[in-house]
Amino acid sequence: MDVVDLFDGVDEIRWGRMRHAYGPAVEVPELLRDLADADRAVRETALDAMYGGVHHQGDVYACTIAAIPFLLRIAADAGRPGRADVIELLASIGGADDPEPRTGLYRRARQAVAAAYPLWSALAHDPDPQVRAAVPGVLPVCAEQATDCVGLLRDRFAVEEDPRVRVAIVEAAAEFAHRGTATQPTSAWLADLLAHDEDVQVRVTALAASTRLPAQPGLPPVQVQTALELLDAVYTRGTPVADPAGFTTDTLVGSVRRLREVSAAGRRAPQAGQLVRAISDGLADRVADRIALLSALLAEPDWERRVDAVFPTGNLVDGWRGSYEQIVALIGDRLHDDHPELRPRATQVLQNLGELARPAADPLFAGLSRSQRVASSSTMSGQLPWVVEWGQALPTVGPALKALAGTGDPRALPMLQWALEQDELPRDVGQLIAGYGEQAAHLLPAVRHRLREMRDDGRRDNLAYAVGAMGPAAADAVPDLVKLPASSAVLRALVLIGPAAAEAMPWLREQVTAADRPIAAVAAEALHAVGGDVAGASAVYDRLLAGDVYDQRAAADGLGRMGRQAASYAGRLRKLLRRKDPHGWLGLGAARALWQVAGETSSVTPVLERVWAANPHTRTAIAQVWSDMGRAAAGAEPLLEAELGRARRHNAVEGGYSSAQVVDDERLLRACRAALTAVAG
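Residues numbered from 1 in each chain as written. Predicted model: local features only at pLDDT ≥ 70, side-chain atom pairs only at ≥ 80, totals over all residues. Heavy atoms only, no water.

Draft legend 1. Focus on the overall build of the protein chain. In terms of regular secondary structure, the protein chain is built from 37 helices and five strands. Taking the principal axes of its C-alpha atoms as reference, the protein chain extends roughly 85 × 55 × 55 Å. Across the 681 residues that make up the protein chain, the buried fraction comes to 52%. Relative to all contacts within the protein chain whose residues are 6 or more apart in sequence, the contacts with residues 24 or more apart total 65%. Carbon together with sulfur atoms contributes 50% to the accessible area of the protein chain, which is approximately 30100 Å² in total. (Helix = DSSP H or I, 4+ residues; strand = E, 2+ residues; numbered from the N terminus. Buried < 20%, exposed > 50% of the residue type's maximum accessible area, 1.4 Å probe, protein only. Contact = heavy atoms within 4.5 Å. Areas by Shrake-Rupley, 256 points an atom, 1.4 Å probe, with all protein chains shown as cover.)

Draft legend 2. Here's a closer look at the side chain of Arg345. Within the fold, Arg345 resides in helix α19 (residues 342–350). Contacts of Arg345, omitting those with residues within four sequence positions, involve Ser263, Val307, Val310 and Phe311.

Draft legend 3. Just unusual backbone geometry, in detail. Of note, Gln57 is a non-glycine position whose phi angle comes to about 50°, a positive value. Tracing the chain through its elements places Gln57 in the loop between α3 (40–54) and α4 (62–76). Positive phi is not limited to glycine here, since Ala284 has a value of about 50°. Here Ala284 shows up in the loop between α15 (272–283) and α16 (287–298). By relative accessible area, which is 24% here, Ala284 ends up partly exposed.

Draft legend 4. Summary view of the sheet that holds strand β3 (residues 374–376). With mixed pairing, the three strands of this open sheet are ordered in space as β3-β4-β5. Every other strand in the sheet has two partners, leaving β3 and β5 (393–397) as the edge strands with one partner each. With strand direction ignored, the average angle separating the axes of adjacent strands in the sheet is 25°. In terms of strand pairing, β3 meets strand β4 (residues 387–390) through three bridges, oriented parallel. Residue Val374 lies in a different strand from β4, and its bridge partner there is Val387. (Pairing = 2+ DSSP bridges. Axes fitted to C-alpha atoms, helices over the stretch in contact; angles between N-to-C directions.)

Draft legend 5. Layout of the nonpolar core. In terms of nonpolar packing, the biggest core is built from 153 residues, with Leu350, Leu508 and Trp626 touching the most fellow members. By residue number, the principal contributor to this core is helix α29 (residues 517–531), which donates nine residues. In terms of nonpolar packing, the next biggest core, distinct from the first, is built from 73 residues, Leu35, Val60, Ala109 and Cys142 among them. (Core = buried A, V, L, I, M, F, W, Y, C linked by side-chain atoms within 4.5 Å.)

Draft legend 6. Structural view of helix α27 (residues 488–497). Here α27 lies mainly inside the structure; seven of its ten residues are buried. For α27, the set of buried residues is Ala489, Val490, Leu491, Ala493, Leu494, Val495 and Ile497. Summarising the contacts, the buried residues of α27 are in contact with α25 (459–469), α26 (478–481), α28 (505–511) and α29.

Draft legend 7. Focus on the pattern of salt bridges. Applying the stated criterion across every chain, the model contains 48 salt bridges. The shortest N-O distance in the salt bridge between Asp302 and Arg305 comes to 3.0 Å. Judged by its relative accessible area of 9%, Arg305 falls in the buried class. Here Arg459 and Glu424 are joined by a salt bridge, their closest N and O atoms 3.0 Å apart. Placement of Arg459 in helix α25 and of Glu424 in the loop between α22 (413–420) and α23 (429–434) is noted, with a sequence separation of 35 residues between them. On the basis of relative accessible area, Arg459 is assigned to the buried category, the value being 8%. (Salt bridge = Lys/Arg side-chain N within 4 Å of Asp/Glu carboxyl O.)

Draft legend 8. Inspection of the packing of aromatic side chains at higher detail. By the definition in use, this model includes three aromatic pairs. Residues Trp386 and Trp418 carry aromatic rings whose centres are separated by 5.5 Å and whose planes lie at 90° to one another, so their mutual orientation is edge-to-face. In this pair, Trp386 is assigned in the loop between β3 and β4 and Trp418 in helix α22, connecting sequence segments 32 residues apart. Judged by its relative accessible area of 8%, Trp386 falls in the buried class. Between Trp612 and Trp626, the ring centres sit 5.0 Å apart and the planes meet at 35°, which makes this aromatic pair tilted. (Phe/Tyr/Trp six-rings, centres within 6.5 Å; stacked < 30°, edge-to-face > 60°.)

Draft legend 9. Fine view of the packing of helix α2 (residues 28–35) against α4. The interhelical angle for the contact between α2 and α4, taken along N-to-C directions, is 15°, at an axis separation of 10 Å. Taken as axis vectors, α2 and α4 run roughly parallel relative to one another. α4 is crossed by α2, and the crossing has right-handed handedness. For the pair formed by α2 and α4, the contact residues are Val28, Leu32 and Leu35 on the first element and Ala67, Phe70, Leu71 and Ile74 on the second. (Parallel < 35°, antiparallel > 145°, perpendicular 65-115°, else oblique. Left-handed = near helix turned anticlockwise from the far one by under 90°.)

Written out as structure tokens, the structure reads:
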């Protein structure tokens, strides 16, 4: 088939009437032709544009659907280079990694790719091993032929000689089993491969795949020692190493390829890291086994094993609960490691662990003490700078200093003070100082100085957090705060300073009239916290109770903090309990306030239990309410015990991540333990 046949009809399509992520799809014909070009750099540039615009972040557009027939022609054109990349693109367009039902354009894309099953069956036997290695990845799109797909994979494996293809086949068969097709026979097959296959990489892939599947009768669970022995063989014998491409393109795809090439340089087993991640992730809630696996690798003299264990350790701690003192200490030891990849990787793992990073505090401090104080983000590899500069963006506190400050270690305070005094203020230094509360009160003069400089700069709110965290000890900053534009952070600082901020009362009375209701709500809270002005605060809450769900929630929170002084609002709070509230935040606020203002439990407890079940992100606040209620919340014991018994962090979601994930979950665990103690009397 020649180029004319491949693209017959492409110019007859009205691409300009279709759009992709960045506008009219007029360039799609050229991109399709470039995907079939003999020049690899041209193909890579076109592939990047397809992922970046025509299939932007997994999206499917009308132009994506229109491109599928031509992509299939390229994939079918025997002997043409670059077909494996096109097959992988088609797998992504068809949603091979998403077993959930699809609708609209996504469904049409899946159907179009799945309809090419005869092509995939043929390409499973293609002379090009790169094509054969790509085909297993597209087969999960063909859900209606799932049983046939598994048979195809097993049949091909029996005659396949290329190691990369054999590994891809094992992974794809396990994916079908994970989705419910041929689970039992595939589990038995994987166990047989694990025990008898001559290729150690196939064996360790089978082991990693087995960890994702449900236990089967007669098949013992994967043992950590077996995994370590197989990984030892992989690292000792090595894995295939691809030659560098020898060219560069100004594309994301090219940058990722280049990073892989750099990462593989000097390695014996560049593919082993993926196996370590797969085994650790597959062990799921077997947290102790995962700790044992990764700890053994982190302590190895072989630098490849240490490097490959760091990020899976971060994934484990981020997503699962456990006793991490030993493994965090091992991560901390990597800060002294001579290998250039280990220090930045270890720091990345530690920076958002909060108090869990304490076992690494000494190596963090030692590394910071001998590191340069400022470094550019583009040249900081191997360094632990106190401040990172980001070109056009504002500087930030360096990840190692962030990690040390997150532990509450006082040795970080002089470094934060130095950062606070730099001409270009790091945008996050205030929130890190805030973590020390009154312990950082000696920094108040420096914070006040920067506050005055930042009156018209968004960094003022970050500094206001630091002031508020110091509480009454920050009373000297009140004159500076009231000269700033009103913001929730500034007003919250006055709330936390409390009666010591009495001179701010005239300014606060001006702010409660603000048209910006969130500002008025916090100003009302400050009126009460600073000056005990019940009438002034109540007038604001009356106005908010007549507003939308967000206003009502703010009013409930403020009334609750007034306690028994707001007892007359109990009836209105009961009405809020009956409002539709899909995420539970209003129900939580109203129920908590009703307990605080009237001591009610009969109407409050069922709402808290319902919200607890509906929205895990409310649980820390609910546990704190139950802790305050004490014996009156005895019925919550099963929920608290069940939460403490969960291995998965309450806020961990597949494919998602938050930098506050670990800290917030550890806060929930502390709140649940305190609540259990309180309700037990």
